[in-house]
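Structural description and commentary
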Amino acid sequence: STSRVIEALQGRAQVACLSNTNSIHWRKLLADYPFMQAFRPALASQELGLAKPAPAIYERAREILNCDPAACVFFDD
């Protein structure tokens, strides 16, 4: 499950979320899925003013996470 993966990675890696969404859907995700609270940070496209697949959203996320691009791994559906 998502929760187990996040728990296994905590303390070993920074685990963040980057989602294309809207404010209504984002509030529902945060309220209905407890694992969303484990992401540090949880980033939403509407809050960043950018959207996937534009390269700028990934660069902004990397800046927020303050990580070297070579150290980042991105998973998507």
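In this report, the structure presented in the accompanying data block is examined. Not measured: the values here are computed from a predicted model. (Residues numbered from 1 in each chain as written. Predicted model: local features only at pLDDT ≥ 70, side-chain atom pairs only at ≥ 80, totals over all residues. Heavy atoms only, no water.)

Section: the overall build of the protein chain
Counting its secondary structure elements, the protein chain contains four helices and two strands. Taken against the 2.2 N^0.38 rule, which gives 11 Å for 77 residues, the C-alpha radius of gyration of the protein chain at 12 Å falls within 12% of a compact globule. Counting only C-alpha atoms and orienting by the principal axes, one finds that the protein chain spans roughly 35 × 30 × 20 Å. Across the 77 residues that make up the protein chain, the buried fraction comes to 23%. Taking the contacts inside the protein chain whose residues are at least 6 apart along the sequence as the reference set, 50% of them involve residues at least 24 apart. A total of about 5500 Å² of accessible surface is found on the protein chain, and carbon and sulfur atoms cover 55% of it. Between the averaged position of the 8 positive side-chain charges in the protein chain and that of its 8 negative side-chain charges there is a distance of 5 Å. (Helix = DSSP H or I, 4+ residues; strand = E, 2+ residues; numbered from the N terminus. Rg over C-alpha atoms; globule rule 2.2 N^0.38 Å. Buried < 20%, exposed > 50% of the residue type's maximum accessible area, 1.4 Å probe, protein only. Contact = heavy atoms within 4.5 Å. Areas by Shrake-Rupley, 256 points an atom, 1.4 Å probe, with all protein chains shown as cover. Lys, Arg positive; Asp, Glu negative; His and termini not counted. Charge placed at Lys NZ, Arg CZ, Asp CG, Glu CD.)

Observations concerning helix 4 (residues 55–65)
Restricting attention to buried positions, one finds in helix 4 the residues Ile 57, Ala 61 and Leu 65. The buried residues of helix 4 occupy one face: seen down the axis, they fall within an arc of 70°. For helix 4, the elements touching its buried residues are strand 1 (17–19), strand 2 (42–44) and helix 3 (45–48). (Arc of directions from axis to C-beta.)

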